[in-house]
Amino acid sequence: MSGIIVVHELETPAPSRPAAGGPDPGAGAAVRQVHAAPAAPGTTSEPGPRTLCGRDTFAMRAAVWTPSGEPGSPWYPPEEEGLVCPSCDAAMDDG
């Protein structure tokens with residue numbers, strides 16, 4: 001599962017990605033849905049422009065969670081299982 005970034009779609013979209021050392025603009029916003037996105041080219045910590053289901057990641061916040069890559073382990077945080085995007089989950093199962 002390397003190269004996959006877990007991102008949160010927020011109830012109140014974050015206006016932009018946080019600046020280095022600055023406050024997270026999405027801090028405190030409730031998570032609406034959990035998505036999977038490929039890593040942006042040249043990085044392992046920034047999501048690419050689209051999730052696996054095709055949503056724009058600009059207003060999403062990268063989760064602290066990193067998929068383990070172990071067979072049978074979830075790509076999403078277990079405590080957020082009920083918020084997982086079904087399309088991203090299906091794409092991860094196909095992967």
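A quick note: this is a predicted structure, and the numbers were derived from the prediction, not measured.

All right, on to the nonpolar core then. Counting residues in each nonpolar core, the largest one holds 13 residues, and the members touching the most others are V6, V34, A36, W75, Y76, C88 and M92. Elements with a contribution of two residues or more to this core: β1 (4–10), β2 (31–38) and α1 (86–94). Residue contacts for V6: discarding those within four places in its chain leaves V34, H35, R61, A62, A63, W65, P67, W75 and P77. Of all hydrophobic cores here, the second largest spans 5 residues; its members include I5, V7, A37 and M60.

Moving on, we come to the confidence of the model for the protein. Taken residue by residue, the protein gives an average pLDDT of 85. The fraction at 70 or more is 80%. Per-element averaging of pLDDT across the protein places α1 at the bottom with 93 and β2 at the top with 96.

Attention now moves to the sheet that holds β2. With antiparallel pairing, the 3 strands of this open sheet are ordered in space as β2-β1-β3. Strand pairing shows two members of the sheet lacking a second neighbour, β2 and β3 (61–62), which therefore form its edges.

What follows deals with the packing of aromatic side chains. For the structure shown, the criterion picks out 1 aromatic pair. Considering the side-chain rings of W75 and Y76, the 5.3 Å spacing of their centres and the 90 degrees angle between planes classify their relative orientation as edge-to-face. Here W75 matches Y76 in class, with each residue buried.

What follows deals with the pairing of β1. For β1, the buried fraction is high: 7 of the 7 residues fall into the buried class. Burial along β1 is two-sided: I4, V6, H8 and L10 and I5, V7 and E9, pointing in opposite directions, are all buried. In this sheet, β2 lies alongside β1 in antiparallel orientation, the contact comprising 7 bridges. Paired with V6 across the two strands is A36, which belongs to β2. Here β1 pairs with β3 via 2 bridges, running antiparallel. Bridging from a neighbouring strand, V7 pairs with A62 of β3.

A separate point is the environment of V6. Mapping V6 onto the fold places it in strand β1. Here V6 falls in the buried class, since its relative accessible area comes to 0%.

What counts, and where the lines are drawn
- Residues numbered from 1 in each chain as written.
- Predicted model: local features only at pLDDT ≥ 70, side-chain atom pairs only at ≥ 80, totals over all residues.
- Heavy atoms only, no water.
- Core = buried A, V, L, I, M, F, W, Y, C linked by side-chain atoms within 4.5 Å.
- Buried < 20%, exposed > 50% of the residue type's maximum accessible area, 1.4 Å probe, protein only.
- Helix = DSSP H or I, 4+ residues; strand = E, 2+ residues; numbered from the N terminus.
- Contact = heavy atoms within 4.5 Å.
- pLDDT = per-residue confidence, 0-100.
- Pairing = 2+ DSSP bridges.
- Phe/Tyr/Trp six-rings, centres within 6.5 Å; stacked < 30°, edge-to-face > 60°.

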